[in-house]
Amino acid sequence: MKELIFFKPFFKQVLWGGHKMKDFYGYSIPGDDTGEAWVISAHPNGTSTVVGGTYDGQTLKSLWENHRELFGGMDGKEFPLLVKIIDANDHLSIQVHPDDEYAFCHENGSQGKTECWYILDCDQDADIIIGHHARNREELQQMIGGGRWDELLRKFPIRKGDFFYIPAGTIHAIRKGTLLLEVQQNSDTTYRLYDYGRLQDGKPRQLHLKESMDVITCPHTDADTMGAVQKYDGYETRILVDGPYFSVDKWDIKTQVSISQLYPFMLIDVISGDGMLDTRHVKAGDHILVPAGYGTVHCQGHMELIITHHGLTEPLCT
Ligand code: ZN
């Protein structure tokens with residue numbers, strides 16, 4: 001099983017999309033309104049496909065269903081994670097996601113959605129929304145009911161290389177001029193709280209105010225998850241988050257390093273530069289599954305990698 005598995009993304013065209021994924025990674029995007037690339041996905045709404053090797057042409061969903069040995073025989077009906085690149089050429093709606101328990105009960109047994117963002121690139125004046133200022137639920141209700149969005153929402157300037165952890169229940173929004181990598185639970189459940197009054201085909205998009213109020217964490221609590229940069233000969237590494245659903249690390253390879261794959265699976269996203277992973281050449285924009293039992297990945301070159309493992313929580317209903 002000593003084989004790295006490469007994927008071709010599934011693209012989504014959206015109102016707020018752009019063409020940065022072509023500019024940055026040379027992807028053959030379907031149009032200049034490409035907002036999302038589901039780069040490692042087994043979700044039925046858009047699954048990524050293996051390119052080359054033993055499993056050429058198969059979807060990640062089919063690998064999960066028919067080759068569970070690649071994932072160390074892990075339990076679970078669904079592959080647990082989803083990795084996306086998002087190109088926001090306009091503001092995304094203000095939104096919130098449910099946790100596992102709420103999603104299970106209200107969304108047909110689906111997973112909740114905790115997510116995290118690594119900023120790949122952004123405009124100089126770009127910002128992001130995470131959390132809110134309401135001190136209690138009553139104030140939250142009043143601010144939302146009164147449309148006092150500027151007062152309610154916490155907005156931060158962002159820079160390339162920033163990282164944000166967004167547990168389920170956190171109000172958030174990606175804003176215009178942001179290109180980011182998102183690692184999340186394998187879920188597509190979003191509750192839209194506010195959409196800047198925009199119209200799509202002459203109508204406002206649906207809002208989910210009741211569901212949002214049900215799931216928003218109040219008061220907001222900040223999640224500071226990042227470790228210090230660890231510097232070694234030839235590379236640097238940093239924990240971005242080590243959470244219940246996923247652990248995500250940044251590796252900055254300057255010459256070479258060997259990385260052990262000790263997990264049911266490991267995901268590698270090459271976010272800049274190029275080099276070798278064992279005998280395979282890789283470059284920015286490549287997304288790779290390192291299967292169970294692979295052993296050590298020898299990395300050589302000048303590149304930045306985001307490496308993700310599953311958080312190894314037990315499935316919800318066994
Ligand atoms: Zn989200």
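Look above for the structure.
Residues numbered from 1 in each chain as written. Predicted model: local features only at pLDDT ≥ 70, side-chain atom pairs only at ≥ 80, totals over all residues. Heavy atoms only, no water.

I would appreciate a short explanation of the overall build of the protein in the present structure.
For the protein, the count of helices and strands is six helices and 25 strands. A compact globule built from 318 residues should have a C-alpha radius of gyration of about 20 Å, and the protein, at 19 Å, falls within 12% of that. C-alpha atoms of the protein, sized along the principal axes, occupy 60 × 45 × 40 Å. Of all intrachain contacts in the protein linking residues separated by at least 6 positions in sequence, the fraction that spans at least 24 positions is 70%. Mean positive and mean negative side-chain charge positions of the protein (30 and 45 charges, respectively) differ by 3 Å. (Helix = DSSP H or I, 4+ residues; strand = E, 2+ residues; numbered from the N terminus. Rg over C-alpha atoms; globule rule 2.2 N^0.38 Å. Contact = heavy atoms within 4.5 Å. Lys, Arg positive; Asp, Glu negative; His and termini not counted. Charge placed at Lys NZ, Arg CZ, Asp CG, Glu CD.)

What's the story with the pattern of salt bridges in this structure? I'm lost.
A side chain with one charge may pair with a side chain of the opposite charge, provided their charged atoms come close. This structure, assessed with the given rule, holds 18 salt bridges. One salt bridge connects lysine 210 with aspartate 214, and the closest N-O pair in it is separated by 2.7 Å. One end of the pair is lysine 210 and the other is aspartate 214, both in helix H6 (residues 209-215) and four residues apart, which spans about a single turn. (Salt bridge = Lys/Arg side-chain N within 4 Å of Asp/Glu carboxyl O.)

I'm lost on the layout of surface pockets in this one. Help?
A water-sized probe rolled over the atoms picks out the places where empty space is left. Here the second largest pocket defines a volume of roughly 470 Å³. Lining of the second largest pocket is provided by 25 residues; of these, Trp16, Glu36, Gln95, Thr190 and Arg192 occupy positions nearest its centre. Among the elements of the structure, strand E2 (10-18), strand E3 (34-40), strand E7 (81-88), strand E9 (115-122) and strand E13 (172-174) are those that each provide at least two residues to the lining of the second largest pocket. Considered class by class, the residues forming the lining of the second largest pocket number nine nonpolar, seven polar and nine charged. (1 Å grid on protein atoms, 1.4 Å probe; cavity = no way out; pocket = protein on both sides within 12 Å on 5 of 7 lines; lining within 4 Å. Points joined across faces, edges and corners; volume = space filled by probe spheres on them. Nonpolar A, V, L, I, M, F, W, Y, C, P; charged D, E, K, R; others polar.)

What am I meant to see in the coordination of the zinc ion here?
Put simply, a metal with four donors set out as a tetrahedron has ideal angles of 109.5 degrees, and one with six donors set out as an octahedron has ideal angles of 90 or 180 degrees. His97 (NE2), Glu115 (OE), Glu115 (OE) and His172 (NE2) make up the full set of protein donors to the zinc ion, lying at 2.0 to 2.8 Å. Its four donor atoms give the zinc ion angles of 49 to 123° at the centre, a pattern that matches the irregular case. Site description for the zinc ion: donor spacing in sequence, H-x17-E-x56-H. Taken together, the positions of glutamate 115 in strand E9 and histidine 172 in strand E13 put the pair 57 residues apart, joining distant regions of the chain. By relative accessible area, glutamate 115 is classed as buried at 2%. (Donors = N, O, S within 2.8 Å, 3.2 Å for Na, K, Ca; no water. Tetrahedral: all angles 85-135°; square planar, octahedral: opposite > 155°, others 65-115°. Buried < 20%, exposed > 50% of the residue type's maximum accessible area, 1.4 Å probe, protein only.)

I'm lost on the sheet that holds strand E12 (residues 163-166) in this one. Help?
Through backbone hydrogen bonds, the strands of a sheet pair up, either in parallel or in antiparallel fashion. Taken together, six strands build an open sheet; the order of strands is E2-E3-E7-E14-E9-E12 and the sheet is antiparallel. A strand with exactly one partner marks an edge of an open sheet, and here the two such strands are E2 and E12. On average, each strand axis in the sheet is inclined to that of its neighbour by 25°, with strand direction left out of account. Pairing of E9 with E12 involves four bridges; the strand directions are antiparallel. Bridge assignment links tryptophan 117 to a residue of E12, and that residue is phenylalanine 164. (Pairing = 2+ DSSP bridges. Axes fitted to C-alpha atoms, helices over the stretch in contact; angles between N-to-C directions.)

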